[in-house]
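Working through the structure, step by step
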Amino acid sequence: MNFLAIILGAALNMVIGFFWYSPKMFGRAWMESLGKSEKEFEEIKKGANKAYAFSFLGALVMSLVLSALVSLAQAEGVLDGVFIGIICWAGFIATTAFNSCLFSSKPIKQAAIDAGYYLAALIVMGVVISVWR
């Protein structure tokens, strides 16, 4: 395993999330799906350092597990990384995200935005890890 690729994958996951949930992309729609105003969201962001730290830890675990899967699949190169990212997303993220809508009051719009973020993140992480294998 290339630990530099794993750390870079986790960092890119966070960067993607920063842009994905920005007001210029899906941030406003995501907040609306939660029933939150921009003012409420700004208040939440003030104390978000702990959340970002745990989010990075989760991204690091995701990147480490993805690296293990890339290694087991002997994936190399961009296309293999894209494929690994997509199948991990389809098998684990999409099914979990949309299943949670069936048994909770979570709006499908919120699940779609969250699942889309993870699709982008897993593809980028898969590419980085497969190329730097």
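Overview of the structure. No experiment lies behind these values; they were computed from the predicted model shown.

Criteria and cut-off values
- Residues numbered from 1 in each chain as written.
- Predicted model: local features only at pLDDT ≥ 70, side-chain atom pairs only at ≥ 80, totals over all residues.
- Heavy atoms only, no water.
- Helix = DSSP H or I, 4+ residues; strand = E, 2+ residues; numbered from the N terminus.
- 1 Å grid on protein atoms, 1.4 Å probe; cavity = no way out; pocket = protein on both sides within 12 Å on 5 of 7 lines; lining within 4 Å.
- Points joined across faces, edges and corners; volume = space filled by probe spheres on them.
- Nonpolar A, V, L, I, M, F, W, Y, C, P; charged D, E, K, R; others polar.
- Core = buried A, V, L, I, M, F, W, Y, C linked by side-chain atoms within 4.5 Å.
- Buried < 20%, exposed > 50% of the residue type's maximum accessible area, 1.4 Å probe, protein only.
- Contact = heavy atoms within 4.5 Å.

Phi is positive for Q74, close to 55°, though the residue is something other than glycine. You can see Q74 is positioned in the loop between α4 (49-73) and α5 (78-102).

If you add up the space inside the largest pocket, you get close to 790 Å³. Along the walls of the largest pocket sit 24 residues, with G17, Y21, W30, F41 and Y52 positioned nearest its centre. Of all the elements in the fold, those that place two or more residues in the lining of the largest pocket are α1 (3-20), α2 (27-34), α3 (38-46), α4 and α6 (108-131). Ranked by residues supplied to the lining of the largest pocket, first place goes to α4 with 6 residues. A breakdown of the residues in the lining of the largest pocket according to their chemical character gives 15 nonpolar, 5 polar and 4 charged.

Before going further, it helps to spend a moment on the nonpolar core. Y21, L66, I84, W89, Y117 and L122 are the most contacted members of the largest nonpolar core, which has 25 residues in total. Only α1, α2, α4, α5 and α6 provide two or more residues apiece to this core. Those residues within four positions of I84 in sequence are excluded, and the remaining contacts are L66, V70, A73 and A75.

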